[in-house]
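If you want the building blocks of each chain, they are given just below.
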Amino acid sequence: MVKASGFDKISDIFRKYSIFVILVCMVIISSFLNRNFFTMLNLTNIMRQISVTTILAFGETMLIIAGLIDLSSGAVLALSGVIAITVYKATGSLLPAFCTGILVGVICNIVSGLCVSVYRMPPFIATLALTTVARGGALLFTKGQNIYQIGNFTVFGQGFLLFFPIPVIFMIFMLGMTWYILNNTRFGRSLYAIGGNAEAANASGIKVSGVKFACFVINGFLVGLAGVLFMSRVNAGLPNAASGYEFEAMTAAIIGGTSFSGGIGTAAGTLAGAFIVGFLNNIMNLLGINSYLQQIIKGVIIALAVIMDTIAKDKRLSPREIAVKVADGEN
């Protein structure tokens with residue numbers, strides 16, 4: 001057995017915690033680029049702004065770990081949010097509205113889960129179809145009109161509990177829930193096993209289809225919650241809202257170390273990735289960078305994150321496995 005050198009140990013530690021090192025460096029650099037960045041007001045606004053996409057990212061993380069994906073979360077978020085607001089305006093009660101928003105997210109993801117786990121539909125196709133259905137449903141439900149005058153419904157997205165913004169509290173709770181599921185449950189271990197090798201997981205006794213279905217249901221809970229928080233924060237029911245939020249969530253997960261090849265990812269890494277994306281958006285806004293250029297920069301970052309993930313995956317393969325991939329003509 002070859003004993004690891006000190007350099008190898010340092011390299012392993014840096015590779016394991018590199019995302020947090022990058023996050024700290026980004027905070028330091030941003031604070032020098034603009035003096036308003038490192039203020040309590042700005043940092044609080046960043047946390048409030050990223051809370052919705054971070055909650056979505058936790059769902060995407062679990063799905064990607066299991067070799068799945070959700071392209072519908074932005075559209076389902078909009079549908080959940082506008083229905084939740086409508087229930088509140090009809091009843092005047094926050095709890096039924098809150099629960100209805102989550103229920104809509106769960107029902108939509110049950111549909112995706114059934115398509116993937118029962119009918120063997122590729123998750124890309126299943127959730128892409130749901131994107132169109134959910135967005136059309138939101139527009140049909142509201143007749144294409146925004147919903148205003150939502151009253152106390154704003155408490156979910158704009159309120160405080162003591163000194164903490166309520167969306168941030170929800171984000172922290174969802175972080176804890178995701179961490180616990182991935183690290184302390186049989187279901188979480190099954191997600192890693194399925195993402196690593198679905199056939200081997202099935203042979204070991206894991207009910208792959210059932211785990212995939214349950215993962216979509218959990219994702220639906222998170223998407224529904226995000227819908228309630230988003231509409232509450234913007235103080236309106238917007239059926240066209242949250243377009244592209246699924247990609248923001250996936251970006252946070254990928255930058256945070258979740259591998260598109262499946263089997264790898266952590267809740268803490270996704271949170272760090274979400275903060276990096278949030279800090280990047282914020283500092284570009286503070287510096288007055290053109291919004292179109294911002295999209296280009298974020299697209300390049302996504303591409304670089306996937307390239308790094310591919311390189312890291314190849315490094316984890318043995319020389320024999322790489323030789324087999326080359327011989328088979330794989331890239």
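Below or above, wherever it landed, is the structure these notes cover. (Residues numbered from 1 in each chain as written. Predicted model: local features only at pLDDT ≥ 70, side-chain atom pairs only at ≥ 80, totals over all residues. Heavy atoms only, no water.)

### Focus on the overall build of the protein
Item 1. A count of helical and extended segments in the protein gives 14 helices and two strands.
Item 2. The buried share of the protein, taken over its 331 residues, is 46%.
Item 3. Partitioning the intrachain contacts of the protein with sequence separation of at least 6 by distance along the chain shows that 77% fall at a separation of at least 24.
Item 4. Carbon and sulfur atoms form 68% of the exposed surface of the protein, whose accessible area is close to 17000 Å². (Helix = DSSP H or I, 4+ residues; strand = E, 2+ residues; numbered from the N terminus. Buried < 20%, exposed > 50% of the residue type's maximum accessible area, 1.4 Å probe, protein only. Contact = heavy atoms within 4.5 Å. Areas by Shrake-Rupley, 256 points an atom, 1.4 Å probe, with all protein chains shown as cover.)

### A closer look at a nonpolar patch on the surface
Item 1. Taken together, the side chains of Leu293, Ile296, Val300, Leu304, Ile307 and Ile311 present a nonpolar region at the surface, about 530 Å² in accessible area.
Item 2. Within the secondary structure layout, Ile307 lies in helix H13 (residues 291-316).
Item 3. What makes Ile307 partly exposed here is its relative accessible area of 47%. (Patch = residues over 30% accessible without salt bridge, like charges linked within 9 Å, V, L, I, M, F, W, Y side chains within 5 Å. Salt bridge = Lys/Arg side-chain N within 4 Å of Asp/Glu carboxyl O.)

### A short note on helix H8 (residues 186-196)
Given 3.6 residues per helical turn, the α-helix brings residues three or four places apart onto the same face.
Item 1. Along H8, the positions that sit buried rather than exposed are Gly188, Ser190, Leu191, Ile194 and Gly195. Within H8, the buried residues cover an arc of 155 degrees as seen down the axis, which keeps them to one side. The exposed residues of H8 that point more than 90 degrees off its buried face are Arg186, Arg189 and Gly196.
Item 2. The elements touched by buried residues of H8 are helix H2 (40-65), helix H7 (166-184), helix H9 (198-203) and helix H10 (208-234). (Arc of directions from axis to C-beta.)

### Some details on the nonpolar core
Item 1. Judged by nonpolar contacts, the single largest core of 83 residues is most densely connected at Met62, Leu77, Phe153, Leu191, Met231 and Phe279.
Item 2. In terms of residues, this core owes the most to one element, H10, which gives 13 residues.
Item 3. Setting aside its immediate chain neighbours within four residues, Met62 contacts Thr178, Ile181, Leu182, Leu191, Cys215, Ile218 and Leu222. (Core = buried A, V, L, I, M, F, W, Y, C linked by side-chain atoms within 4.5 Å.)

### Brief notes about the layout of surface pockets
Item 1. In this structure, the second largest pocket spans a volume of roughly 380 Å³.
Item 2. Along its surface, the second largest pocket is lined by 19 residues, and Gln49, Ile50, Glu248, Gly278 and Asn281 are the ones closest to its centre.
Item 3. Of all the secondary-structure elements, those providing two or more residues to the lining of the second largest pocket are H2, helix H11 (245-255), helix H12 (267-286) and H13.
Item 4. The element best represented in the lining of the second largest pocket is H2, accounting for seven residues.
Item 5. Here the residues of the lining of the second largest pocket are counted per class, giving six nonpolar, 10 polar and three charged. (1 Å grid on protein atoms, 1.4 Å probe; cavity = no way out; pocket = protein on both sides within 12 Å on 5 of 7 lines; lining within 4 Å. Points joined across faces, edges and corners; volume = space filled by probe spheres on them. Nonpolar A, V, L, I, M, F, W, Y, C, P; charged D, E, K, R; others polar.)

### As for the packing of H2 against H12
Item 1. Contact pair H2 / H12: the axes reach a minimum separation of 8 Å and the direction vectors enclose 135 degrees. Between H2 and H12, the interaxial angle falls into the category oblique. Seen along the crossing, H2 lies across H12 with a hand that is right-handed. Together, Asn42, Leu43, Ile46, Met47, Ile50, Thr54, Ala57, Phe58 and Thr61 of H2 and Ala267, Thr270, Leu271, Ala274, Phe275, Gly278, Phe279, Asn282 and Leu286 of H12 make up the contact between the two elements.
Item 2. A class-by-class count of the residues in the contact of H2 with H12 yields 12 nonpolar, six polar and no charged. (Axes fitted to C-alpha atoms, helices over the stretch in contact; angles between N-to-C directions. Parallel < 35°, antiparallel > 145°, perpendicular 65-115°, else oblique. Left-handed = near helix turned anticlockwise from the far one by under 90°.)

### Overview of H10
Item 1. The terminal C-alpha atoms of H10 lie 39 Å apart, and with 27 residues this matches the ideal 39 Å at 1.5 Å per residue to within 8%.
Item 2. Positive phi shows up at Asn235, right after H10, with a value of about 65 degrees. (Expected span 1.5 Å × (residues − 1).)

### A look at the packing of helix H4 (residues 94-117) against helix H5 (residues 123-142)
Item 1. Between H4 and H5, the least distance of the axes is 9 Å, while the angle of their chain directions is 150 degrees. Accordingly, the angle class assigned to the pair H4 and H5 is roughly antiparallel. Between H4 and H5 lies a crossing whose hand is right-handed. Every residue of H5 that contacts H4 at Cys108, Ser112, Cys115 and Val116 is listed here: Pro123, Ala126, Thr127 and Leu130.
Item 2. Looking at side-chain class alone, the contact of H4 with H5 contains six nonpolar, two polar and no charged residues.

### Regarding the environment of Val234
Item 1. Here Val234 is to be found in helix H10.
Item 2. The exposure class of Val234 is partly exposed, given its relative accessible area of 31%.
Item 3. Separated by 77 residues in sequence, Val234 and Gly157 have C-alpha atoms that sit 7.8 Å apart.

### Re the side chain of Thr142
Item 1. If you trace the backbone, Thr142 turns up in helix H5.
Item 2. For Thr142, a relative accessible area of 10% gives the class buried.
Item 3. What Thr142 contacts, discounting residues up to four positions off in sequence, is Val82, Ile147 and Pro239.

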